[in-house]
Amino acid sequence: MTTELDRNTIRRLVRARRRELSGHERSRRSAQLACNITRSALFRNCRTLAIYLPNDGEVDLTAVAQSAWSQGKQCFLPVLSPLYHNRLWFAPYTPQTTLVLNRFGIPEPALNWHAMRPVWSLDLLLMPLVAFDGWGNRLGMGGGFYDRTLAYLEQRSQWRKPHLVGTAFELQHFDAVPSQPWDVPLEAVVTEQQYHRFERNSHKGKDRLKPDEGQ
């Protein structure tokens, strides 16, 4: 795909292309992607992971949640925090969880602050995205919720968790995604075709090593 595009143009192009997938095709690709996630060492070794519920044609991670539950792992969903402006906390997610619509019309667990977890307590964070590139740069919907939630990582030269993994269809892969100083790069992106792994030693895409496509 072309790289000489601004962030909003890329968003429009990719969202339109993603919405063109039929329901059957989206389900098929989501199932393939879920297999790639659940076969990975990061998934096998995690005890707590956050997923998200699909919106606007995003990948459906239901099969990932089901696999996690069957293995005794704890699943969480992002919740808009009413206390910390435009940041996310994470609520337990089970087959019995009651969901309510947030202000964007996206289902999330009903607020129960006693059960909420901060992002740094999770082992694996599976993140939605609109577009990604070979350096681990992620383009989101533009709200900046994940970037603000993960901004504390910019103060750390090294960290062990959470592992930051984007999930997307391969059609969302761009040669280069324009980045901003506050963008938090990904450790990997999983698609229905492959597991894209990136170096996590630098926060600047231009300083990153070329990605290793191996799992």
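Above this note sits the structure.
Here the structure is a predicted model, which means the values were calculated and not measured.

The rules behind these values
- Residues numbered from 1 in each chain as written.
- Predicted model: local features only at pLDDT ≥ 70, side-chain atom pairs only at ≥ 80, totals over all residues.
- Heavy atoms only, no water.
- Helix = DSSP H or I, 4+ residues; strand = E, 2+ residues; numbered from the N terminus.
- Buried < 20%, exposed > 50% of the residue type's maximum accessible area, 1.4 Å probe, protein only.
- Contact = heavy atoms within 4.5 Å.
- Areas by Shrake-Rupley, 256 points an atom, 1.4 Å probe, with all protein chains shown as cover.
- Salt bridge = Lys/Arg side-chain N within 4 Å of Asp/Glu carboxyl O.
- Expected span 1.5 Å × (residues − 1).
- Polar contact = N/O pair within 3.5 Å; in protein donor to acceptor, adjacent residues only side chain to side chain.
- Pairing = 2+ DSSP bridges.
- Right-handed = clockwise from strand over helix to strand, strands pointing away.

> Please give an account of the overall build of the protein chain that cites residues and values.
Looking only at helices and strands, the protein chain has five helices and 11 strands in total. For the protein chain, with 215 residues in total, the buried portion stands at 51%. Sequence separation of 24 or more characterises 67% of the internal contacts of the protein chain that already satisfy a separation of 6 or more. Accessible surface for the protein chain amounts to roughly 10,600 Å². Of this, 50% is attributable to carbon and sulfur atoms.

> How would you explain the pattern of salt bridges if you had to name every residue and give the values?
Scanning the entire structure with this criterion turns up seven salt bridges. Notably, a salt bridge pairs Asp56 with Arg15, separated by 2.7 Å at the nearest N-O pair. Taken together, the residues Asp56 in the loop between strand S1 (48-50) and helix H4 (62-70) and Arg15 in helix H1 (residues 7-19) connect sequence positions 41 residues apart. Of the charged contacts in the structure, one is a salt bridge between Arg29 and Glu25, with a shortest N-O distance of 2.7 Å. One end of the pair, Arg29, and the other, Glu25, are both in helix H2 (residues 23-38), four residues apart, so they sit about a helical turn from each other. Accessibility classification places Arg29 together with Glu25 in one group, the buried group. In this structure, a network of salt bridges that share partners links the residues Arg15, Arg18, Arg19 and Asp56.

> Any chance you could break down H1 for me, citing the residues and the numbers?
The terminal C-alpha atoms of H1 lie 18 Å apart, and with 13 residues this matches the ideal 18 Å at 1.5 Å per residue to within 8%. Within H1, the full set of buried residues consists of Arg7, Thr9, Ile10, Arg11, Val14 and Arg18. The N-terminus of H1 is capped by Asp6, whose side-chain oxygen sits 3.1 Å from the backbone nitrogen of Asn8.

> Describe in detail the pairing of strand S2 (residues 74-80), supporting the description with residues and values.
Here S2 lies mainly inside the structure; six of its seven residues are buried. Bridge analysis of S1 against S2 gives three bridges, and the strand direction is parallel. Its bridge partner being in S2, Thr48 is matched across the sheet by Gln74. One crossover worth recording links S1 to the parallel S2 by way of H4, and it is right-handed. Note: S2 against strand S3 (residues 88-93), six bridges, orientation antiparallel. Bridge pairing in S3 links Cys75 to Tyr93.

> Any chance you could break down the side chain of Arg26 for me, citing the residues and the numbers?
Within the secondary structure layout, Arg26 lies in helix H2. One polar contact links the side chain of Arg26 to the main-chain carbonyl oxygen of Leu21, over a distance of 3.1 Å. Other than its neighbours up to four places away in sequence, Arg26 contacts Arg18, Arg19, Leu21, Gly57, Glu58 and Phe169.

Coordinates in, geometry out; function isn't part of it.
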